[in-house]
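Structural features, examined
This is what each chain is made of:
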Amino acid sequence: MTDPRPDQIRAYYHTLFSTWGRQHWWPAHSRFEVVAGAYLTQNTSWTNVELALRSLRAAKLLSVAGIRRTPVRKLEKLIRSAGYFRQKARRLKTFVRFLDERHGGSLTRMFAQPTEKLRRELLALNGIGPETADSILLYGGNHPIFVVDAYTRRVLERHHMIAPGASYEEIRELFELALSPLAGEGGDSQPAPAAAATISRPRGSSHSPSRMSTAERTARVQVFNEMHGLLVGVGKNFCQKSQMRCELCPLQKYLPEES
Ligand code: SF4
């Protein structure tokens, strides 16, 4: 294994972004939809999440108020397609209770907390691990925090950039250190990705533009947002758990020779 260098991560970003353009993560119409999606996507595919979100939307319950007033049994039925529906229904209820008790039921007030403070609060909730907390923070609240998922870990491990079993926090810090200069922090001369993001090709793991994906945000948040989406594209299309399609993958040129 080699020590991961921030410039390697930046090179991956530029290669993927210039190949696929903006990914339009997270596909959602509202901040609460991001929160709900972050819970629902645990241990299931996004296709199943979309079905559950559609049911909630059709019932006009895809909101803080909607979840608050819906009995848990009804909620379970509506989100059944997302799997683990009993657990997820209770977790959504827990989130709304937390929002009511700590932040007066206001997502605006909740997201106005300093990143680390809010992250600690979210991580203390039942059913929220680092990936879910950081998805909510980054995509729902535009907090500058990188989301590490299984795809990210897989690519880095296969490229010998992290040791097997590297911690979530270690990987998150690596990406935040590497990508922050792309937003003009730290003196890197790379162009700000928000400015470069005019190329829009439906590739990678891209979604159609949505209200949340096109919302105004800082360049740093934008680059964290894009990199996560781009790595999902690599994982879904080329770097699968049981199969690697390196010959077609945009990151092939970075693959260590001994792999
Ligand atoms: S598919 Fe191959 S080249 Fe692409 S990220 Fe995975 S290991 Fe690297």
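Source: prediction; values computed, not measured.

1. Focus on the nonpolar core
The biggest cluster of nonpolar side chains holds 77 residues, and the ones touching the most others in it are Phe32, Phe95, Leu122 and Leu179. Take this core: its biggest share by element is eight residues, from helix H13 (residues 219–237). Built from parts of two domains, this core gets at least three residues from each of domain 1 (6–26 + 146–254) and domain 2 (31–141). The residues contacting Phe95, other than those within four sequence positions of it, are Phe32, Val35, Tyr39, Leu107, Met110, Leu122 and Leu125.

2. A word on the domain arrangement of the protein chain
Per the domain assignment, the segments of the protein chain are domain 1 (6–26 + 146–254) and domain 2 (31–141). Listed per partner, the contact involves 16 residues of domain 1 and 16 residues of domain 2. Between domain 1 and domain 2, roughly 1400 Å² of surface is buried when both sides are summed, and carbon and sulfur atoms account for 68% of that area. Among the residues of domain 1 in contact with domain 2, Trp26, Val147 and Met212 are the three that bury the most area, contributing 50% of the side total. Here Arg119 ties to Glu169 by a salt bridge, and the two come within 2.9 Å at their closest N and O atoms. In this assembly, domain 1 and domain 2 are joined by five residue pairs in polar contact (both at pLDDT 80 or more).

3. Things to note about the site of the ligand
Residues in contact with the ligand, as listed here, are Arg158, His159, Val234, Phe238, Cys239, Met244, Cys246, Cys249, Leu251, Gln252 and Leu255. In terms of residue class, the shell around the ligand is made up of eight nonpolar, two polar and one charged.

4. Notes on the environment of Ser135
Relative to the helices and strands, Ser135 resides in helix H9 (residues 130–141). Taking the C-alpha atoms as reference, Ser135 lies 9.8 Å from His228; in sequence the two are 93 residues apart.

5. Description of helix H3 (residues 46–58)
Count 3.6 residues to each turn of an α-helix, and residues three or four apart come out pointing the same way. Over its 13 residues, H3 extends 18 Å from the first C-alpha to the last, a length consistent with the 18 Å expected when each residue adds 1.5 Å. Those residues of H3 lying buried are Trp46, Val49, Ala52, Leu53 and Leu56. Down the axis, H3 shows its buried residues gathered within 115° of arc, on one side only. Turned more than 90 degrees off the buried face of H3, the exposed positions are Thr47 and Ala58. Buried positions along H3 lie against helix H2 (31–40), helix H4 (64–69) and helix H5 (72–78). Just beyond H3, the residue with positive phi is Lys60, at close to 55°.

6. Quick word on the confidence of the model for the protein chain
As a note on interpretation, predicted positions should not be read in detail where pLDDT is low. Scored by pLDDT, the protein chain has a mean of 90; 91% of the residues are at 70 or more. For the stretch residues 186–202, pLDDT sits under 50, and the model shows 23 contacts to residues farther than four places along the chain or on other chains.

7. Observations regarding the packing of aromatic side chains
Under the criterion given, the structure shown has 11 aromatic pairs. Ring centres 5.6 Å apart and planes at 10° place the aromatic pair Tyr13 and Phe17 in the stacked group. Here Tyr13 pairs with Phe17, and both are found in helix H1 (residues 6–20), just four residues apart, close to one helical turn. Note on accessibility: Tyr13 and Phe17 belong to one class, buried. Judged by centre distance (6.1 Å) and plane angle (5°), the rings of Trp20 and Phe238 are stacked. With Trp20 in helix H1 and Phe238 in the segment after H13, this residue pair connects regions lying 218 residues apart in the sequence.

Rules of the game
Residues numbered from 1 in each chain as written. Predicted model: local features only at pLDDT ≥ 70, side-chain atom pairs only at ≥ 80, totals over all residues. Heavy atoms only, no water. Core = buried A, V, L, I, M, F, W, Y, C linked by side-chain atoms within 4.5 Å. Buried < 20%, exposed > 50% of the residue type's maximum accessible area, 1.4 Å probe, protein only. Helix = DSSP H or I, 4+ residues; strand = E, 2+ residues; numbered from the N terminus. Domains from an automatic or database assignment. Contact = heavy atoms within 4.5 Å. Buried area = accessible area lost by both parts, 1.4 Å probe. Salt bridge = Lys/Arg side-chain N within 4 Å of Asp/Glu carboxyl O. Polar contact = N/O pair within 3.5 Å; in protein donor to acceptor, adjacent residues only side chain to side chain. Near = heavy atom within 4 Å. Nonpolar A, V, L, I, M, F, W, Y, C, P; charged D, E, K, R; others polar. Expected span 1.5 Å × (residues − 1). Arc of directions from axis to C-beta. pLDDT = per-residue confidence, 0-100. Phe/Tyr/Trp six-rings, centres within 6.5 Å; stacked < 30°, edge-to-face > 60°.

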